2 protein chains.
Amino acid sequence: MISMLLADSELELVPREIVGYPAVRLNARKRNKSPAKSILDASLHHSAMRALPMGDRRGRPDIVHVFLLVALESVLNRVGQLRVYIHTRNNEMITIDPTTRIPKNYPRFVGLMESLFEKGSVPEREPLIVMQRDRDIGACIGEIPHEKVILLSPKGRRVRLSDYVKECDNALFILGGFPKGEFISDVLSEADDTISIYEESLSVWTVASEILVNYENHVLEASAPS
Amino acid sequence: MISMLLADSELELVPREIVGYPAVRLNARKRNKSPAKSILDASLHHSAMRALPMGDRRGRPDIVHVFLLVALESVLNRVGQLRVYIHTRNNEMITIDPTTRIPKNYPRFVGLMESLFEKGSVPEREPLIVMQRDRDIGACIGEIPHEKVILLSPKGRRVRLSDYVKECDNALFILGGFPKGEFISDVLSEADDTISIYEESLSVWTVASEILVNYENHVLEASAPS
């Protein structure tokens, strides 16, 4: 079993500073949403986001979406050996039940996240996705059972994952949920090890699938009859 | 080096039979597109699609999108060891240059596919994605250099990929680009081997990442100093 935590994910509602911008209002109206209850999306709110601090990296629900599709549909998750969590730039912690079927359609996923921000959990009857507020990265790590914390970073020590995962039972892997730049949370001081798997930076779902497949191979080998 | 061909992908323009449906016209108008030049999308055109043969599986550009994000952003592609092709239900063949940066945003990806269907290649100046018409699955396979053809199917012989990929240099892997049901093309007669990697059916990007990571491990091991 391993856990994955997507840290400093660029998932948030449209910030108050830009709810009044014409592009933001127009897009919200098209979707019959109030601007303040809409998920910030760089592809829609690009011009308004220039007014935001770090506006060139924010508003990326698409990264969270593809990460969740890759993680939750993985063989490792199917065999019950994975737990997945999202930490956002505003210190929300999102816990996702392993049986959750994430909408494959992007606009539907965005709609689901808007419900989550509004209601705190979805779906209403039997919540599979739950959001807790005021959870900085240390608090998130504290709530996730683990034996060690492994941070993925292009600056980490280069390892070969197929070997490395053999020592990763019950590890918590932390990956960055943002398109560029550095972690804004102090993840480095929380990590027992900081590793890199390639010479250049990779999409987070690429890093995730490298971990998922290599750890699955390890689990299968360990459980195979000798 | 390996190749991947997504076969019978559910990627097509809105078929003539349903261009006049109110939901189709409304959605096209919202996007300033003519209905006939819009990509069929099950999440938008659901009700109209009931009028189409096999309407319960068509209109899934989202599957092609996530597959391409996983394949083209993989380490295997970064090191130049992957070629990726899409075959559609209407026998178009789409060849994607390995350096292509697929839009991560889904609406933008759909827009790119609409340009591709209209112009035959995108981007205009230096085409990275090229579509050829009248290419059935046999013709696609004929145009892709390969030593053997390996079909992924839940009905195939169960293999352990970490071992199996050792014999896959220059193989062409065929995966299904549809959400349910069977291949509509006669892929079985084209395959040198038909394999399965899990007891239940998996998302195509899960199958792709299993192949990508295991083959990458094989390439790295083969090239490592002993």
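Refer to the preceding data block for the structure.
Rules of the game
Residues numbered from 1 in each chain as written. Chains lettered and ligands numbered in written order. Predicted model: local features only at pLDDT ≥ 70, side-chain atom pairs only at ≥ 80, totals over all residues. Heavy atoms only, no water. Helix = DSSP H or I, 4+ residues; strand = E, 2+ residues; numbered from the N terminus. Rg over C-alpha atoms; globule rule 2.2 N^0.38 Å. Buried < 20%, exposed > 50% of the residue type's maximum accessible area, 1.4 Å probe, protein only. Areas by Shrake-Rupley, 256 points an atom, 1.4 Å probe, with all protein chains shown as cover. Lys, Arg positive; Asp, Glu negative; His and termini not counted. Charge placed at Lys NZ, Arg CZ, Asp CG, Glu CD. Pairing = 2+ DSSP bridges. Contact = heavy atoms within 4.5 Å. Axes fitted to C-alpha atoms, helices over the stretch in contact; angles between N-to-C directions. Buried area = accessible area lost by both parts, 1.4 Å probe. Salt bridge = Lys/Arg side-chain N within 4 Å of Asp/Glu carboxyl O.

A.B. asks: Mind showing me how you'd approach the overall build of chain A here?
C.D. replies: Counting its regular elements, chain A contains eight helices and eight strands. A compact globule built from 226 residues would reach a C-alpha radius of gyration of about 17 Å, and chain A, at 18 Å, matches this within 12%. Taking the principal axes of the C-alpha coordinates as reference, chain A spans close to 65 × 40 × 25 Å. Out of the 226 residues belonging to chain A, those deemed buried represent 55%. Total accessible area on chain A is roughly 10100 Å²; 48% of this is exposed by carbon and sulfur atoms. Computing the positive centroid from 28 side-chain charges and the negative centroid from 31, chain A places the two 9 Å apart.

A.B. asks: How do you make sense of the sheet that holds strand β2 (residues 82–88) of chain B when you look at a structure like this?
C.D. replies: Residue and element names in this part refer to chain B. In space, the eight strands of this open sheet follow the order β4-β5-β3-β2-β1-β7-β6-β8, with mixed pairing throughout. A single partner strand is all that each edge strand has here, and the edge strands are β4 (121–122) and β8 (193–196). As judged from the five bridges shared by strand β6 (residues 148–158) and β8, these two strands associate in the parallel manner. Counterpart to Arg157 in the pairing with β8 is Ile195. Helix-sheet contacts for helix α3 (residues 61–72) involve β1 (2–9), β2 and β3 (93–96), and the interaxial angle to β2 is about 170 degrees.

A.B. asks: What's the story with the interface of chain A and chain B in this structure? I'm lost.
C.D. replies: By a widely used convention, the size of an interface equals the accessible area lost when the partners come together. Across the contact, 36 residues belong to chain A and 36 residues belong to chain B. With both chains or domains summed, chain A and chain B bury close to 3000 Å², and 52% of this area falls on carbon and sulfur atoms. Inspection of the region where chain A meets chain B yields two salt bridges. The closest approach of N and O atoms between Arg78 of chain A and Glu200 of chain B, which form a salt bridge, is 3.1 Å.

A.B. asks: What's the story with the pattern of salt bridges in this structure? I'm lost.
C.D. replies: Pairing between side chains becomes possible if they bear opposite charge and their charged atoms approach one another. All names here are of chain A. In this structure the tally under the stated criterion is 33 salt bridges over all chains. Residues Glu114 and Lys33 are paired through a salt bridge, measuring 3.7 Å at the closest nitrogen-oxygen approach. You can see Glu114 sitting in helix α5 (residues 106–119) and its partner Lys33 sitting in the loop between α1 (22–30) and α2 (42–49), a full 81 residues away along the chain. Under the relative-accessibility criterion, Glu114 is labelled buried at 1%. A relative accessible area of 27% means that Lys33 is categorised as partly exposed. Residues joined in a network through salt bridges with shared partners are Glu10, Glu12, Arg57, Arg58 and Arg89.

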